[in-house]
Amino acid sequence: MGKFDHLFEEEDGLFQGTPQRRYWEMFQQMNPEIAEGALDEIIERMAAMEKMLMREIDEEELNSTVKRFYYENTSEVEEHKKSLYMELGGELVYKVSD
């Protein structure tokens with residue numbers, strides 16, 4: 001567990017809920033145009049990362065390679081996933097405040 005997990009996962013934690021839950025709550029309350037733009041940025045980033053990987057890994061092997069990496073590194077990936085939700089949540093807050 002990460003050192004900040006208690007802030008999100010305890011019922012009375014500072015942010016009350018997991019980073020994933022908090023992100024989707026913010027996302028659902030956003031202006032649809034801002035939300036679509038935020039999701040498009042995530043898809044754009046994912047597309048760029050897939051293209052980078054495909055330079056090294058055959059496209060047909062990509063999904064199996066990613067799944068295998070996940071299963072071999074589940075806890076590390078899950079911790080990074082929480083960090084990404086927090087990062088992306090911060091970006092949502094920034095977009096709304098502009």
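Residues numbered from 1 in each chain as written. Predicted model: local features only at pLDDT ≥ 70, side-chain atom pairs only at ≥ 80, totals over all residues. Heavy atoms only, no water.

Enquirer: How would you explain the overall build of the chain if you had to name every residue and give the values?
Expert: Looking only at helices and strands, the chain has five helices and zero strands in total. When the helices and strands of the chain are listed from N to C terminus, the series reads α-α-α-α-α. The buried share of the chain, taken over its 98 residues, is 17%. Within the chain, counting contacts between residues at least 6 apart in sequence, those at least 24 apart form 52% of the total. (Helix = DSSP H or I, 4+ residues; strand = E, 2+ residues; numbered from the N terminus. Buried < 20%, exposed > 50% of the residue type's maximum accessible area, 1.4 Å probe, protein only. Contact = heavy atoms within 4.5 Å.)

Enquirer: Residue-level account of a negative patch on the surface, with values.
Expert: A cluster of like negative charges, contributed by E50, D58, E59, E60 and E61, occupies part of the molecular surface. Looking at the negative patch element by element, the count peaks at three residues for helix α4 (residues 59–72). Mapped onto the elements of the fold, E61 is located in helix α4. Look at E61 and you get partly exposed, because its relative accessible area is 44%. (Patch = residues over 30% accessible without salt bridge, like charges linked within 9 Å, V, L, I, M, F, W, Y side chains within 5 Å. Areas by Shrake-Rupley, 256 points an atom, 1.4 Å probe, with all protein chains shown as cover. Salt bridge = Lys/Arg side-chain N within 4 Å of Asp/Glu carboxyl O. Lys, Arg positive; Asp, Glu negative; His and termini not counted. Charge placed at Lys NZ, Arg CZ, Asp CG, Glu CD.)

Enquirer: Requested: an account of the packing of helix α2 (residues 19–28) against helix α5 (residues 74–97), with residues and values cited.
Expert: Between α2 and α5, whose axes approach to 8 Å, the crossing angle comes to 25°. With respect to α5, the element α2 is oriented roughly parallel. Handedness of the crossing formed by α2 with α5: left-handed. Of the residues in α5, those touching α2 at P19, Q20, Y23, W24, M26 and F27 are K81, K82, Y85, M86, L88, G89, L92 and V93. Per-class residue counts for the contact of α2 with α5 are ten nonpolar, two polar and two charged. (Axes fitted to C-alpha atoms, helices over the stretch in contact; angles between N-to-C directions. Parallel < 35°, antiparallel > 145°, perpendicular 65-115°, else oblique. Left-handed = near helix turned anticlockwise from the far one by under 90°. Nonpolar A, V, L, I, M, F, W, Y, C, P; charged D, E, K, R; others polar.)

Enquirer: Can you lay out the packing of helix α3 (residues 32–54) against α5 for me, pointing to particular residues and giving the numbers?
Expert: Between α3 and α5, whose axes approach to 11 Å, the crossing angle comes to 140°. As far as their axial angle goes, α5 and α3 are oblique. The way α3 lies across α5 gives a crossing that is right-handed. Contact residues: α3 offers I34, A38, E41, I42 and R45, while α5 offers L84, E87, L88, L92 and K95. A breakdown of the residues in the contact of α3 with α5 according to their chemical character gives six nonpolar, no polar and four charged.

Enquirer: Explain the nonpolar core to me, and be specific about the residues and the numbers.
Expert: Nonpolar side chains in soluble globular proteins tend to end up buried together. Membership of the largest hydrophobic core is limited to eight residues, which are Y23, F27, M30, A35, A38, Y85, L88 and L92. Filtering out sequence-adjacent residues up to four positions away, Y85 remains in contact with P19, Q20, Y23 and W24. (Core = buried A, V, L, I, M, F, W, Y, C linked by side-chain atoms within 4.5 Å.)

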